[in-house]
Amino acid sequence: MASRPRSLADTGARDPDTATQQVFDALADTDSRLILGATETAMTAAEIAEACSIPLSTTYRKIDRLVETPLLEERTRFDADGDHCSEYVASVESLSIEFDTSGAAVELEMNGADSLAGLLGGPAAASAD
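Let me begin by describing the structure that accompanies this report.

Rules behind the numbers
- Residues numbered from 1 in each chain as written.
- Predicted model: local features only at pLDDT ≥ 70, side-chain atom pairs only at ≥ 80, totals over all residues.
- Heavy atoms only, no water.
- Helix = DSSP H or I, 4+ residues; strand = E, 2+ residues; numbered from the N terminus.
- Buried < 20%, exposed > 50% of the residue type's maximum accessible area, 1.4 Å probe, protein only.
- Areas by Shrake-Rupley, 256 points an atom, 1.4 Å probe, with all protein chains shown as cover.
- Core = buried A, V, L, I, M, F, W, Y, C linked by side-chain atoms within 4.5 Å.
- Contact = heavy atoms within 4.5 Å.
- Salt bridge = Lys/Arg side-chain N within 4 Å of Asp/Glu carboxyl O.
- 1 Å grid on protein atoms, 1.4 Å probe; cavity = no way out; pocket = protein on both sides within 12 Å on 5 of 7 lines; lining within 4 Å.
- Points joined across faces, edges and corners; volume = space filled by probe spheres on them.
- Nonpolar A, V, L, I, M, F, W, Y, C, P; charged D, E, K, R; others polar.
- Axes fitted to C-alpha atoms, helices over the stretch in contact; angles between N-to-C directions.
- Parallel < 35°, antiparallel > 145°, perpendicular 65-115°, else oblique.
- Left-handed = near helix turned anticlockwise from the far one by under 90°.

## Observations concerning the overall build of the chain
Piece 1. For the chain, the helix and strand inventory stands at six helices and five strands.
Piece 2. Counting helices and strands in the order they occur from the N terminus, the chain gives α-α-α-α-α-β-β-β-β-β-α.
Piece 3. Put simply, the chain has 129 residues, and 36% of those count as buried.
Piece 4. Taken as a whole, the chain presents about 7200 Å² of accessible surface, with 49% of it coming from carbon and sulfur.

## Things to note about the environment of Ala46
Piece 1. Looking at where Ala46 falls in the secondary structure, it is placed in helix H4 (residues 45-52).
Piece 2. For the pair Ala46 and Leu56, spaced ten residues apart in sequence, the C-alpha separation works out to 6.4 Å.

## Digging into the nonpolar core
Piece 1. Among the nonpolar cores identified, the biggest contains 19 residues, and Ile35, Ile48, Leu66, Leu71 and Leu72 are the most heavily contacted of them.
Piece 2. If sequence neighbours within four positions are ignored, Ile35 has contacts with Ile48, Cys52, Ile54, Thr59, Lys62, Leu66 and Leu72.

## Points about the pattern of salt bridges
Piece 1. Using the criterion set out here, one finds four salt bridges in the structure.
Piece 2. Note that Asp29 is salt-bridged to Lys62, the shortest N-O span being 2.8 Å. A residue pair is termed long-range when its members are at least 10 positions apart, and Asp29 in the loop between helix H2 (16-28) and helix H3 (30-38) and Lys62 in helix H5 (residues 56-67) qualify at 33 residues.
Piece 3. According to the relative accessible area criterion, Asp29 is buried, its value standing at 16%.
Piece 4. Arg75 is paired through a salt bridge with Glu73; the nearest N and O atoms lie 3.6 Å apart.
Piece 5. Since its relative accessible area comes to 26%, Arg75 is described here as partly exposed.

## Digging into the layout of surface pockets
Piece 1. Computed from the structure, the second largest pocket encloses a volume of approximately 160 Å³.
Piece 2. Of the residues that constitute the lining of the second largest pocket, the class distribution is six nonpolar, three polar and two charged.

## Comments concerning unusual backbone geometry
Piece 1. One non-glycine residue, Ser53, adopts positive backbone phi at about 55°.
Piece 2. Relative to the elements of secondary structure, Ser53 occurs in the loop between H4 and H5.
Piece 3. Of the residues examined, Ser53 reaches a relative accessible area of 67% and is grouped as exposed.

## Let's talk about the packing of H3 against H5
Piece 1. Relative to each other, H3 and H5 sit at 80°, their axes nearing to 10 Å. The pairing of H3 with H5 is recorded here as roughly perpendicular in orientation. Only Thr58, Thr59, Lys62 and Leu66 of H5 make contact with H3, whose side of the interface consists of Asp31, Ser32, Ile35 and Leu36.
Piece 2. Within the contact of H3 with H5, the residues separate by chemical class into three nonpolar, three polar and two charged.

## Here's the deal with the packing of H4 against H5
Piece 1. At a closest axis distance of 9 Å, the pairing of H4 and H5 adopts a crossing angle of 110°. As judged from the angle between their axes, H4 and H5 are roughly perpendicular. Considering the relative orientation of H4 and H5, their crossing is right-handed. Mapping the contact onto sequence places Ala45, Ala46, Ile48 and Ala49 in H4 and Leu56, Thr59, Tyr60 and Ile63 in H5.
Piece 2. Within the contact of H4 with H5, the residues separate by chemical class into seven nonpolar, one polar and no charged.

Written as structure tokens, this is what we have:
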């Protein structure tokens with residue numbers, strides 16, 4: 001099942017500047033970047049912690065932060081014996097930032113989706129339509 005593109009409404013942020021700042025904050029964190037790199041394929045929090053050599057409690061904190069952005073998607077891993085769990089996969093294939101006199105705009109290329117110019121708003125993104 002292909003993942004759907006994430007929108008600002010999915011992030012819980014009503015303000016594009018807030019959503020943009022959340023993405024910048026997440027990308028400024030080394031552990032968060034490791035998690036995004038590791039989740040090219042879906043992984044549970046325990047699998048991520050092991051792959052990235054990050055304590056599990058820290059992994060959960062970083063995952064929560066990333067899921068609030070359009071960068072990481074939470075899914076349910078179904079198990080035949082009924083023990084379902086959350087798994088996480090990077091939802092962004094590429095990210096570009098454009099700066100102009102009115103600020104920064106973020107363009108996200110989502111996995112399995114068309115380019116979503118201006119998903120996080122901003123003046124430069126509006127001209128990409």
